[in-house]
Amino acid sequence: MPVLPDLDAFDRAILAILQKDNATPQRVIGERVNLSAPAVQRRIKRMEETGVIRANIALVDPAKVGHPITIFVEVEVESERAELIDAAKRGFAAVPEVQQCYYVTGEADFILVVTVATMADYEALTRRLFFENNNVKRFRTFVAMDRVKVGLEVPVG
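Parameters at a glance
Residues numbered from 1 in each chain as written. Predicted model: local features only at pLDDT ≥ 70, side-chain atom pairs only at ≥ 80, totals over all residues. Heavy atoms only, no water. Buried < 20%, exposed > 50% of the residue type's maximum accessible area, 1.4 Å probe, protein only. Helix = DSSP H or I, 4+ residues; strand = E, 2+ residues; numbered from the N terminus. Pairing = 2+ DSSP bridges. Axes fitted to C-alpha atoms, helices over the stretch in contact; angles between N-to-C directions. Contact = heavy atoms within 4.5 Å. Parallel < 35°, antiparallel > 145°, perpendicular 65-115°, else oblique. Nonpolar A, V, L, I, M, F, W, Y, C, P; charged D, E, K, R; others polar. Polar contact = N/O pair within 3.5 Å; in protein donor to acceptor, adjacent residues only side chain to side chain. Core = buried A, V, L, I, M, F, W, Y, C linked by side-chain atoms within 4.5 Å.

**Student:** Let's hear about the pairing of strand S1 (residues 69-77): which residues, and what values?
**Tutor:** Counting buried positions along S1 yields 7 of 9 residues, so the element is predominantly enclosed. For S1 and strand S3 (residues 110-116), the ladder comprises 7 bridges, and the chain directions are antiparallel. Residue pairing across strands places Val-73 opposite Leu-112, the latter belonging to S3. Across 7 bridges, S1 lies against strand S4 (residues 136-143) in antiparallel orientation.

**Student:** Explain the side chain of Asp-11 residue by residue, including any values.
**Tutor:** Along the chain, the position of Asp-11 falls in helix H1 (residues 9-20). The class of Asp-11 is buried, set by a relative accessible area of 1%.

**Student:** How would you sum up the sheet that holds S3? Please name residues and give values.
**Tutor:** The 4 strands lie next to each other as S2-S3-S1-S4, forming an open sheet whose pairing is antiparallel. In this open sheet, the two strands that pair with only one neighbour each are strand S2 (98-103) and S4. If you compare each strand with its neighbour and ignore which way they point, the axes differ by 20° on average. Along the sheet face, helix H4 (residues 82-93) touches S1, S2 and S3 and points at about 20° away from the line of S3. Sheet contacts for helix H5 (residues 119-131): S1, S2, S3 and S4; angle to S4, the most-contacted strand, approximately 160°.

**Student:** Any chance you could break down the packing of H1 against helix H3 (residues 37-49) for me, citing the residues and the numbers?
**Tutor:** The geometry of a pair of packed helices is captured by two quantities: the angle between their axes and the separation between those axes. Between H1 and H3, whose axes approach to 11 Å, the crossing angle comes to 80°. Considered as vectors, H1 and H3 are oriented roughly perpendicular to each other. On H3, the residues touching Phe-10, Asp-11, Ile-14, Leu-15 and Leu-18 of H1 are Val-40, Arg-43, Ile-44, Arg-46 and Met-47. In terms of residue class, the contact of H1 with H3 is made up of 7 nonpolar, no polar and 3 charged.

**Student:** Residue-level account of the environment of Arg-81, with values.
**Tutor:** Considering the arrangement of structural elements, one finds Arg-81 in the loop between S1 and H4. Looking at Arg-81, the relative accessible area reads 46%, which means it is partly exposed. A distance of 2.6 Å separates polar atoms of two side chains, one belonging to Arg-81 and the other to Glu-83.

**Student:** Residue-level account of the nonpolar core, with values.
**Tutor:** By size, the foremost hydrophobic cluster in this structure holds 19 residues, and its most contacted members are Leu-112, Val-114 and Phe-130. Broken down by element, the residue count for this core peaks at 5 residues, all from S1. Ignoring anything within four residues of it in the chain, the contact list for Phe-130 reads Val-73, Val-75, Phe-92, Leu-112, Tyr-122, Leu-125, Val-136 and Phe-139. Formed by 13 residues, the second largest nonpolar core is a distinct cluster that contains Leu-15, Ile-44, Met-47 and Val-156.

On their own, these measurements won't tell you what the molecule is for.
Shown next, in the form of structure tokens:
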């Protein structure tokens, strides 16, 4: 089991704030959690260095940048040899339209979350990712009709 970094109540409170808005000034975070801004800064830096905070990013609405279609794809591979699974992971991770990729248990081997501008773009993507890949046995597509809840916020207790 991996060693988890020690996170106290202050760290968890800071994380809860940053997950809602990572542009919150450290002074404001400090006021909310009863710490000085330098103490907040040190804690954030430690959480970045230990990998608790993996990135500081902007969440972009795909529809507002021309990618209104969200698609979930189940992918089943022919062979589960380690080198072929690793190659599939690298291949899926390298495609900009693939927002998320999970190696999973069950009937499917991978679940992908894909955003595209048009169904024609998705068809072209399927040709590149699946039809031209000898290790892809089959794939199943689920087109999202509505983005009800989208987020990456992790409950921090």
